[in-house]
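Listed below, chain by chain, are the residues.
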Amino acid sequence: MYKKIIAGLLSLAIAGAIVLDFFYTFFGQSKATTTTAKNKTATSSAAASSNPTANQYQDGTYTGEATETEYGDVQLKINVVGGKITTIDVLKYPNDERKSESINAKVLPTHKQEALSAQSSHIQQVSGATETYKGFKGLLQDALNQAED
């Protein structure tokens, strides 16, 4: 009797471990990577810096280096006029799959508007679009770092 109970509990524990492994494999930590150490540094410096003041950027057009995310490459370009970000153009973004296309169609305009309002890379993450957020924010900070030099 005890052997059957122990065998049953052990079977449940193994089944639970398999379910957890599946969950963490497909829904766990993000697998986004950046193509350069510069983008990684830019993302870190964005979190450490305080909100920027007006007119801190040099006028010009700046393009962030393409960043690889789990779902595809992301790249953007900013225009700075009068020391302020005036436009943000997304040059590349994942759009190979319907889901990516749908997410990016909703999220990218929101990220662009927030970045223009904040005049920085301090934007809010939108639920369900973590990879887009990481790529957009890192690239924006990379372009802003170029504008500060």
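Reading the values: rules and limits
- Residues numbered from 1 in each chain as written.
- Predicted model: local features only at pLDDT ≥ 70, side-chain atom pairs only at ≥ 80, totals over all residues.
- Heavy atoms only, no water.
- Helix = DSSP H or I, 4+ residues; strand = E, 2+ residues; numbered from the N terminus.
- Contact = heavy atoms within 4.5 Å.
- Areas by Shrake-Rupley, 256 points an atom, 1.4 Å probe, with all protein chains shown as cover.
- Buried < 20%, exposed > 50% of the residue type's maximum accessible area, 1.4 Å probe, protein only.
- Expected span 1.5 Å × (residues − 1).
- Bend = angle between axes of the 7 residues up to and from the residue.
- Axes fitted to C-alpha atoms, helices over the stretch in contact; angles between N-to-C directions.
- Left-handed = near helix turned anticlockwise from the far one by under 90°.
- Nonpolar A, V, L, I, M, F, W, Y, C, P; charged D, E, K, R; others polar.
- pLDDT = per-residue confidence, 0-100.
- Pairing = 2+ DSSP bridges.

Quick word on the overall build of the protein
1) Next: On a plain count of helices and strands, the protein comes out with four helices and four strands.
2) Next: Beginning at the N terminus, the succession of helices and strands in the protein can be written as α-α-β-β-β-β-α-α.
3) Next: Expressed as a percentage of contacts within the protein between residues at least 6 apart in sequence, the contacts between residues at least 24 apart total 57%.
4) Next: Roughly 9,400 Å² of accessible area belongs to the protein as shown, and the carbon and sulfur atoms make up 56% of that amount.

Things to note about unusual backbone geometry
1) Next: Although it is not a glycine, Gln119 sits at a positive phi angle of roughly 55°.
2) Next: Locating Gln119 in the fold gives a position in the loop between helix H3 (98-118) and helix H4 (130-148).
3) Next: A residue is classified by how much of its surface remains accessible, and Gln119, at 18% relative accessible area, is buried.

Re H3
What sets the pattern is the α-helix's 3.6 residues per turn: residues three or four places apart point alike.
1) Next: Here H3 is 21 residues long and its end C-alpha atoms lie 30 Å apart, about the 30 Å a rise of 1.5 Å per residue gives.
2) Next: Along its length, H3 reaches its greatest deviation from straightness, about 30°, at Asn104.
3) Next: Contact partners of the buried residues in H3: strand S4 (84-92) and H4.

Some details on the packing of H3 against H4
1) Next: The geometry of H3 relative to H4 is characterised by a closest axis approach of 11 Å and an angle of 35° between their N-to-C directions. Taken as a pair, H3 and H4 cross one another with a handedness that is right-handed. Along its contact with H3, which presents Ile103, Asn104, Val107, Leu108, His111, Lys112 and Ala115, the element H4 presents Thr132, Tyr133, Phe136 and Leu140.
2) Next: Among the residues forming the contact of H3 with H4, the class breakdown is seven nonpolar, three polar and one charged.

Brief notes about the confidence of the model for the protein
1) Next: Taken residue by residue, the protein gives an average pLDDT of 78. The fraction at 70 or more is 76%.
2) Next: Across the protein, element-level confidence peaks in strand S1 (residues 60-63) with a mean pLDDT of 94 and bottoms out in helix H2 (residues 37-48) with 39.
3) Next: Considering only residues more than four positions removed or in separate chains, one finds that residues 29-54, a stretch of pLDDT under 50, has 48 contacts.

Description of the pairing of S4
1) Next: Both strand S3 (residues 72-81) and S4 contribute to a ladder of seven bridges, which runs antiparallel. Each residue of the ladder has a partner; that of Val81, found in S4, is Lys84.
2) Next: Taking the residues between adjacent antiparallel strands as the criterion, S3 and S4 are bridged by two residues, where Gly82 takes a positive phi near 65°.

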